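Fold and geometry: a report
What follows is each chain in one-letter form.
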Amino acid sequence: MPRTLFDKIWDAHVVEVMEDGTAVLYIDRHLVHEVTSPQAFEGLALAGRRVRRPDATLAVADHNVPTEDRAHGIAEPESALQVATLVANVEAFGVPYIPVTDRRQGIVHIIGPELGVSLPGMTIVCGDSHTSTHGALGSLAFGIGTSEVEHVLATQTLLQKPAKNMLVRVEGALPAGCTAKDIILAIIGQIGTAGGTGHVIEYAGSTIRALDMAGRMTVCNMSIEAGARAGLIAPDDVTFDYVRGRPSAPQGEALERAIEYWRTLPSDPGAHYDSLVEIDAASLVPMVSWGTNPEAVVPITGCAPDPAAERDPARRALLERMISYMDLTPGQKMAGTKIDVVFIGSCTNGRIEDLRAAASVARGRKVAPGVRALVVPGSGLVKAQAESEGLDRVFLDAGFEWREAGCSMCLGMNPDKLTPGQRCASTSNRNFEGRQGPAGRTHLLSPSMAAAAAVTGALVDVRELV
Amino acid sequence: MQPFTTLTGIAASLPEQNIDTDKIIPARFLKTIKRTGLGKNLFDTLRYDESGAERPDFVLNQPAFRHAEILLAGENFGCGSSREHAPWALLDFGIRCIIAPSFADIFHGNCFKNGILPIVLPADICAALQDDATLGGNARLSIDLSRQVIIRPNGEEIAFEVDEFRKHCLLNGLDDIGQTMQLIPAIDHYEARLAASHDWMPGVMVG
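A few points on the structure. None of the values given here were measured: they were computed from a predicted structure.

Here's the deal with the overall build of chain A
Scanning chain A for helices and strands turns up 16 helices and 19 strands. Against the globule reference of 23 Å for 466 residues, chain A gives a C-alpha radius of gyration of 21 Å, in line with a compact fold. A total of 466 residues make up chain A; the buried ones form 66% of that total. Contacts in chain A between residues far apart in sequence, at least 24 positions, make up 76% of those at least 6 positions apart. In the structure as shown, chain A presents an accessible area of about 14700 Å², 53% of it carried by carbon and sulfur atoms.

Structural notes on the sheet that holds strand S6 (residues 123-126) of chain A
Residue and element names in this part refer to chain A. With parallel pairing, the five strands of this open sheet are ordered in space as S5-S4-S3-S6-S7. Each edge of the sheet is formed by a strand with only one pairing partner; in this case those strands are strand S5 (97-98) and strand S7 (140-143). In this structure, strand S4 (residues 57-60) lies alongside S5, joined through two bridges in parallel fashion. Residue Ala59 lies in a different strand from S5, and its bridge partner there is Tyr97.

Remarks on helix H15 (residues 391-398) of chain A
Residues and elements named next belong to chain A. Residues of H15 that are buried include every one of Leu391, Asp392, Val394, Phe395 and Ala398, and no others. For H15, the angular spread of buried residues about the axis comes to 160°, placing them on one side. The positive-phi residue at the C-terminal boundary of H15 is Gly399, with phi of around 100°.

Details of the pairing of strand S1 (residues 6-9) of chain B
For a regular strand, side-chain orientation follows a simple rule: the groups alternate between the two sheet faces. Residue and element names in this part refer to chain B. Of the two faces of S1, only the one carrying Leu7 and Gly9 is buried; Thr6 and Thr8 on the other face are not. Pairing geometry for S1 and strand S6 (residues 141-144), over four bridges, is antiparallel. Residue pairing for S6: Gly9 is matched across the bridge by Leu141.

What to know about the sheet that holds strand S4 (residues 97-100) of chain B
All names here are of chain B. With respect to topology, four strands assemble into an open sheet ordered S2-S3-S4-S5, the strand pairing being parallel. If you trace the sheet from one side to the other, it starts and ends with strand S2 (11-14) and strand S5 (117-120), each paired once. When the angles between neighbouring strand axes are averaged without regard to direction, this sheet yields 20°. Across the face of the sheet, helix H4 (residues 105-112) comes into contact with S4 and S5 while running at roughly 135° to S5.

A word on the interface of chain A and chain B
Interface size is commonly expressed as the accessible surface area that is lost when the partners come together. Across the boundary between the two partners, chain A contributes 83 residues, which contact 56 residues of chain B. Considering only the side of chain A, the residues that lose the most area to chain B are Gln39, Arg52 and Phe432 of chain A, jointly responsible for 10% of the buried surface there. For the pair chain A and chain B, the interface holds ten salt bridges. When the shortest N-O distance is used, the salt bridge between Asp199 of chain B and Arg257 of chain A registers 2.6 Å. Linking chain A with chain B are 32 residue pairs in polar contact (both at pLDDT 80 or more). Taken together, the residues of the side of chain A that touches chain B sort by class into 35 nonpolar, 26 polar and 22 charged.

Notes on the packing of aromatic side chains
Residue and element names in this part refer to chain A. By the definition in use, this model includes twelve aromatic pairs over all chains. Relative to Trp262, the ring of Phe240 has its centre 5.9 Å away and its plane inclined at 25°; by these criteria the two rings are stacked. Here Phe240 is found in helix H9 (residues 237-243), whereas its partner Trp262 is found in helix H10 (residues 252-262), with 22 residues between them in sequence. By relative accessible area, Phe240 is classed as buried at 2%.

Details of the side chain of Arg83 of chain B
Summarising the element assignment, Arg83 of chain B is placed in the loop between strand S3 (70-73) and helix H3 (85-93). Within the local environment of Arg83 of chain B, its side chain forms a polar contact with the side chain of Asp22 of chain B, the two groups lying 3.5 Å apart. Here the side chain of Arg83 of chain B touches Ser81 of chain B through a polar contact of 2.7 Å, side chain to side chain. The contacts of Arg83 of chain B, once residues within four sequence positions are left out, are Leu411 and Arg435 of chain A together with Thr21, Asp22, Ile25, Pro26, Ala27, Leu30 and Asn110 of chain B.

Quick look at the nonpolar core
In terms of nonpolar packing, the biggest core is built from 97 residues, with Phe41, Leu58, Val168, Ile187, Tyr203 and Trp262 of chain A touching the most fellow members. With eight residues, helix H6 (residues 180-191) of chain A is the single largest residue contributor to this core.

About the thresholds
Throughout this document, residue positions are counted from 1 along each chain, in the order its sequence is written. Starting at A for chains and at 1 for ligands, labels are handed out in the order in which the entities are written. Reporting of local features is limited, given that this is a predicted model, to residues whose pLDDT is at least 70; pairs of side-chain atoms are given and counted only at 80 or more, and all residues count toward the totals for whole chains, interfaces and linings. Side-chain calculation: all heavy atoms of the structure are included, whereas hydrogens and water are not. Where helices and strands are cited, they refer to DSSP runs of H or I of at least four residues and of E of at least two residues respectively, numbered from the N terminus. Radius of gyration means the value over C-alpha atoms here, while the globule rule gives 2.2 Å times the residue count to the 0.38 power. In this scheme, a residue with accessible area under 20% of its type's maximum is buried, one over 50% is exposed, and one in between is partly exposed, where area comes from a 1.4 Å probe on protein chains only. We call two residues contacting when some pair of their heavy atoms lies within 4.5 Å. Accessible surface area values rest on a Shrake-Rupley calculation with a 1.4 Å probe, where residue burial reflects the displayed protein chains alone. Note on pairing: DSSP must find at least two bridges between two strands before they are called paired. The directions considered for the arc run from the helix axis to the C-beta atoms. Under this scheme, a helix contributes an axis fitted over its contacting stretch, all axes are lines through C-alpha atoms, and angles between N-to-C directions fall in the 0 to 180 degree range. In short, buried area is how much 1.4 Å probe accessible area vanishes from two parts on joining, totalled over both. A pair is scored as a salt bridge if a Lys or Arg side-chain nitrogen falls within 4 Å of a carboxyl oxygen belonging to Asp or Glu. In protein, a polar contact means a hydrogen-donor-capable atom and an acceptor-capable atom, both N or O and within 3.5 Å, with residues adjacent in sequence counting only if both atoms are side-chain atoms; elsewhere, any N or O pair within 3.5 Å suffices. Under the scheme applied here, ten amino acids are nonpolar (Ala, Val, Leu, Ile, Met, Phe, Trp, Tyr, Cys and Pro), four are charged (Asp, Glu, Lys and Arg), and all others, including Gly, are polar. Stacked, tilted and edge-to-face are the three classes applied to pairs of Phe, Tyr and Trp rings, where Trp contributes its six-membered ring and a pair requires centres within 6.5 Å; stacked means planes under 30 degrees apart, edge-to-face means over 60, and tilted covers the rest. We call a set of buried residues a nonpolar core when its members are Ala, Val, Leu, Ile, Met, Phe, Trp, Tyr or Cys and they connect through side-chain atoms within 4.5 Å of each other.

Set out below in structure tokens:
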């Protein structure tokens, strides 16, 4: 029977199936960070268990780390304790760890692929919902809770039921000014924040094939914002070229044998999908979110909705709440909305390609008066690469802050957060109420759109600047 | 894990759609290294104003619902992050059962790991239960997991579905790890097979 990419990876990792269909699924890679692991390690210690496969595990601190000078450690006591707890745990359990001061430190979803730890065909988990990012390599990658983190540490497996298959096919050339971020925001706008619930989304079509790995990771990263547990893209030569030479990837003849296997993974012709979504790339326009969930998006040429036009009372109440929280007026044009802060970074858009796109807009321009603009590379290696290309100078000359790697203002667990009422143009993934700081307001958009907002002081169609 | 067999308690209604995990427990409270103590910050921004005072209109601040053990939630409850702090905060507050038209996947799974029963029911039945809940302590709901029924204050029984394995774990208070540890020989066997077929796959190298 023809199988999908998801089916093939799933089948290859089933250790055993229980009577009710629950599978014991083998996990190839487990990424660990400081926020969702302390209670898992504590559970292991209390039960006298060990980490079954330290060599399949990688730990890094990213959520709490300051993005300023790290020579003085972490000032906030709770953040410092959480990172210190991770350090103590990786030492006690012998788990590979990248220290905060190491040049390879960064957001777990940036460094996994970057170091070759995440590879095609693997099952990859992490106590973080944006683990879906790694699906861009053609792996089955999904976020788990802390109890499951402990389960994987102890057994290298998870108890799972198979997901349904959803195919999202995007065809055609991407119009000027549009990026992978605009594709995924448009998809979420179309299927909704629960549209992918119970599914794994496979992204396919000529538009997806034409994306580089950074773009593919941006798309897969936000699968969870559509409710899908995972998103994946069939591995191809773009994938194999990306993997080649990375430190934890197979090398030489071993890599060639790996590629031979990876070439068997793409979905078979005639494979069954439970649902199908088709997007015409030609119809895409740079996107921006107006509300407080990631389906509340419009083209930058569009307007915030008018709740009065909504017939369903529950839906109308939701729109009213979002308009009010975001301090917009019904029907307000998105372009021209003044912003206070710009955040360029995160596991969604913190890769070198994202920084290049933002820098190309920022080059020779100045951050608008009164706007605070941060650039936070996704990893120390991304930062070093950007500096070798002179991108740091482009940003600094334009008046952006150039910072150390971490999750930063995507969720404000470190000192980088919005103050109440501030409006932020952000390349991150969630625009929930208070996500970037209590009472802060988030507009999700692409890196080039974010840079355009920084230099004009308002949401703006980037196509007017290039 | 505390077993879940039957529960009779006050139900509080929070029907808003898409209550995300940042609303259940904002990121600034995730800096703990413990599972307990999060209940005071459950729904923090909905529950307290900027000065930290309780918002009197929020359901769990109202005298009739301060001791609610059942939450009647809206569609796509628990969307967003994988943080298990969300069910930990609910449990620490005293919530043992959540009834909603739909849940986000990761949150739904996390509930079962913590002795919380999430029940999916059609929106019209959820709405009827929300009407019951307006009566506060005068209209307790009962949940019988082994029979898979909710008993309304008027005695009417509503059946619900639950995954068989998860039901077994909840009824007996079993944690997954202990059970999976019994399958170690199968895992050993799988790993041996993998090492042979995927001998190109290196370990994590960050030395």
